Amino acid sequence: MMLDRRGRSGKAAGQRFRPPPWTRSSPQWQQLDALLEPDHLARLIDRGVAALDLTPLLQSYAGRGSPAGPPELMLKIALFEIQRGRRSPAQWYLDTKENLALHWLGFGIRPTRSVWYLFAFRVQRLLDRWNQEILQHAQQQGCTAGKRVALDGTLVEANASRHHLLNDEQMQQRCQVLAAACQADRHGTPPPEQPYWLATTPTTRQRQQEQYDGAHTTLQERLAENHQRLPSKRLDDKQVRISVTDPEADLGKDKLKVYRPLYNVQYVRDLDSPFLLGYETFARSSDTGTLVPLMRRTQQLTGHLPEAALVDSGYITALDLADAQELGVALYGPWKENDYADQQTKPAPQWSKDKFAWDETTREYRCPEQRPLPLVGVQNRPRSLGRTEKLELYRADAATCAACPRKAQCCPKSRSGRHLSRSEHEELIEAHRRKMATPAAKELYQRRRQTVEPSFADAKQHRNYRRVPGRGLAKAKTQTALTVLAHNLHELAKTLGGAGPPQQKT
């Protein structure tokens with residue numbers, strides 16, 4: 001059976017595909033068709049896939065060897081399964097043998113387990129393109145404008161044990177044991193040491209050594225990054241650890257406060273429709289530094305940047321505000337106090353920087369007692385992802401502060417006088433705080449918890465996206481893109497109803 005650009009019969013594509021066991025005129029298919037409700041998930045997925053250009057998928061088959069199964073039907077089944085929370089190709093294989101909706105959707109095809117895994121690998125590079133097509137079609141049909149969005153992230157478990165994390169000392173010890181074992185294998189002798197974690201055959205030990213060498217290189221990069229942090233945030237080298245089975249995963253605490261390998265899944269949700277306009281997966285446990293990549297991904301998928309973005313405090317830093325201004329995106333979110341000394345030393349409650357007035361003429365702060373805090377220095381403070389922020393440091397006279405009647409409220413434990421820092425982007429910070437104090441901004445920000453946060457609840461509870469079924473950042477990215485594609489296809493088909501693209505004929 002030849003397929004055209006939409007997956008229909010024709011001679012343009014040039015690939016060979018096996019016809020499915022049934023057609024729409026088959027009694028078995030018609031019997032199942034009578035059982036499915038008009039708004040059944042299978043019908044919505046079937047209608048949604050018709051909006052996709054399947055030409056790249058069809059062209060990925062070489063046209064040699066035995067005819068392949070119909071890929072457009074396999075794609076429908078995979079998206080149906082993802083929407084039901086069935087994430088593994090092994091589950092898809094089992095379900096095609098017993099799920100009647102899949103029999104209807106796939107016209108009776110039952111690919112083998114290995115075929116499903118190969119298909120999942122084949123579609124990885126096409127997911128972003130299909131998500132782009134769906135969102136652009138939704139905009140053309142007036143389903144979304146994509147002007148106002150909400151951003152957030154959630155932590156998803158990596159497919160790696162939390163009980164076997166290694167630091168540099170432990171890693172070096174294991175690498176030495178592995179090197180000795182591989183050396184013995186080359187001479188045809190048993191390994192001098194055979195601990196429980198060592199592979200049992202020469203071939204698997206060779207692969208294990210390559211795996212450990214790669215993980216050791218990644219661990220060295222993390223140690224170098226840790227050494228560049230501020231002393232107050234720097235970890236002891238023994239605390240910097242890595243998972244050998246998934247070295248790309250970051251280590252942190254999940255929602256249940258369990259320390260384990262994690263990936264950070266980020267969504268950009270439209271405020272005015274149920275569509276997800278952007279997504280990304282990061283190998284880091286915090287949201288810092290993800291704003292620009294998410295905005296660029298949204299621009300790639302929708303064709304434009306949003307006008308406003310609702311975010312939490314993890315996205316609101318001085319550097320983020322500068323990036324948002326450059327992009328032309330208005331950020332809405334809470335600002336955490338920018339007094340570096342207050343954050344680092346955690347002293348007894350004291351006056352915040354709001355109590356101090358900035359004098360633009362003299363370029364110095366003044367305390368509530370009208371005493372000056374002159375400039376004493378400038379520093380470039382390291383931030384995440386190798387970036388730096390220029391800070392001006394201001395300090396009051398120590399003797400003046402010691403004699404001040406308000407010292408207990410201002411700087412109760414300081415012996416050198418009250419000090420403040422001022423970012424190079426302080427004007428943006430102050431403008432953002434004034435904006436967030438307005439009733440309009442507060443009312444708009446309430447929309448965030450009503451949109452993006454339920455999207456993550458849906459992904460985890462109903463789509464079973466709590467743990468990545470494969471290992472590595474690429475597998476995690478694929479799972480996120482599949483989840484978003486199934487969601488947006490479902491929402492597009494529901495929104496358009498019978499007004500969507502025509503169904504494919506089989």
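Residues numbered from 1 in each chain as written. Predicted model: local features only at pLDDT ≥ 70, side-chain atom pairs only at ≥ 80, totals over all residues. Heavy atoms only, no water.

Asker: Looking at this structure, I do not really get the overall build of the protein chain. What am I missing?
Answerer: Within the protein chain, the secondary structure is distributed over 19 helices and 14 strands. Considered along the principal axes of its C-alpha atoms, the protein chain spans approximately 95 × 70 × 35 Å. Within the protein chain, the proportion of its 506 residues that are buried is 51%. Within the protein chain, residue pairs in contact and separated by at least 24 positions form 67% of the contacts whose partners lie at least 6 positions apart. With the model as given, the accessible surface of the protein chain reaches about 24500 Å², and the carbon-plus-sulfur share is 49%. (Helix = DSSP H or I, 4+ residues; strand = E, 2+ residues; numbered from the N terminus. Buried < 20%, exposed > 50% of the residue type's maximum accessible area, 1.4 Å probe, protein only. Contact = heavy atoms within 4.5 Å. Areas by Shrake-Rupley, 256 points an atom, 1.4 Å probe, with all protein chains shown as cover.)

Asker: What am I meant to see in the nonpolar core here?
Answerer: In terms of nonpolar packing, the biggest core is built from 96 residues, with Leu 79, Phe 119, Trp 130, Leu 151 and Tyr 267 touching the most fellow members. What Phe 119 contacts, discounting residues up to four positions off in sequence, is Leu 57, Tyr 61, Pro 71, Met 74, Leu 75 and Ala 78. Cys 175, Val 177, Leu 223 and Val 244 belong to the second-largest nonpolar core, a separate cluster that totals 15 residues. (Core = buried A, V, L, I, M, F, W, Y, C linked by side-chain atoms within 4.5 Å.)

Asker: Sorry, what's going on with the environment of Lys 390 here?
Answerer: Within the secondary structure layout, Lys 390 lies in strand 13 (residues 388-395). For the pair Lys 390 and Glu 424, spaced 34 residues apart in the sequence, the C-alpha separation amounts to 5.5 Å. Excluding anything up to four places from it in sequence, Lys 390 contacts Val 378, Gln 379, Asn 380, Arg 422, Ser 423 and Glu 424.

Asker: Just to check I follow, could you spell out the pairing of strand 13 for this structure?
Answerer: In summary, the side chains of a regular strand alternate between the two faces of the sheet. In the sheet, strand 12 (residues 375-382) pairs with strand 13 via seven bridges, with the strands oriented antiparallel. Paired with Arg 381 across the two strands is Glu 389, which belongs to strand 13. Between the antiparallel neighbours strand 12 and strand 13 lie five residues, among them Leu 385 with a positive phi of about 60°. The pairing of strand 13 with strand 14 (residues 419-423) spans five bridges and is classified as antiparallel. Counterpart to Leu 391 in the pairing with strand 14 is Ser 423. (Pairing = 2+ DSSP bridges.)

Asker: What is the right way to read the sheet that holds strand 10 (residues 364-366) from this model?
Answerer: Sheet strands pair by backbone hydrogen bonding; their relative direction is either parallel or antiparallel. Here we have three strands laid out as an open sheet, ordered 9-10-11, and antiparallel in their pairing. Each of the sheet's edge strands pairs with one partner strand only, and the pair in question is strand 9 (357-359) and strand 11 (372-373). The sheet contact formed by strand 10 and strand 11 spans two bridges and is antiparallel. Considered in strand 11, the bridge of Arg 366 is made with Pro 372.

Asker: Hey, could you run me through the pattern of salt bridges in this one?
Answerer: When the charged atoms of two side chains with opposite charge come close together, those side chains can pair. With the rule as written, the count across this model stands at 31 salt bridges. Linking Asp 33 and Arg 43 is a salt bridge whose minimum nitrogen-to-oxygen distance equals 3.0 Å. In this pair, Asp 33 is assigned in helix 1 (residues 27-35) and Arg 43 in helix 2 (residues 41-49), connecting sequence segments ten residues apart. Taking the relative accessible area as the measure of exposure, Asp 33 reaches 23% and is therefore partly exposed. Across the pair Arg 363 and Glu 392 runs a salt bridge, and its minimum N-O distance is 3.8 Å. Pair noted here: Arg 363 is in the loop between strand 9 and strand 10 and Glu 392 is in strand 13, with a separation of 29 residues, a long-range link. (Salt bridge = Lys/Arg side-chain N within 4 Å of Asp/Glu carboxyl O.)

Asker: Honestly, the side chain of Asp 323 in this entry has me stumped. Any pointers?
Answerer: Following the sequence through the fold, Asp 323 ends up in helix 12 (residues 318-327). A polar contact is formed between the side chain of Asp 323 and the side chain of Arg 387, at a distance of 3.0 Å. Leaving out residues up to four positions away in the same chain, Asp 323 has contacts with Val 292 and Arg 387. (Polar contact = N/O pair within 3.5 Å; in protein donor to acceptor, adjacent residues only side chain to side chain.)

Asker: Just to check I follow, could you spell out the packing of aromatic side chains for this structure?
Answerer: The way to describe two aromatic rings as a pair is by their centre distance and the angle between their planes. Applying the stated criterion across every chain yields a total of ten aromatic pairs. Relative to Trp 104, the ring of Trp 29 lies with its centre 5.6 Å away and its plane at 15°, an arrangement referred to as stacked. Highlighted residues: Trp 29 in helix 1 and Trp 104 in helix 6 (residues 100-105), separated in sequence by 75 residues. The class for Trp 104 is buried, based on a relative accessible area of 3%. Counting every residue linked through ring pairs, the aromatic cluster contains Trp 29, Trp 104 and Phe 107. Positioned above the aromatic ring of Trp 358 is the side chain of Arg 422, whose terminal nitrogen or guanidinium carbon lies 3.8 Å from the ring centre. (Phe/Tyr/Trp six-rings, centres within 6.5 Å; stacked < 30°, edge-to-face > 60°. Lys NZ or Arg CZ within 6 Å of the ring centre and 35° of its normal.)

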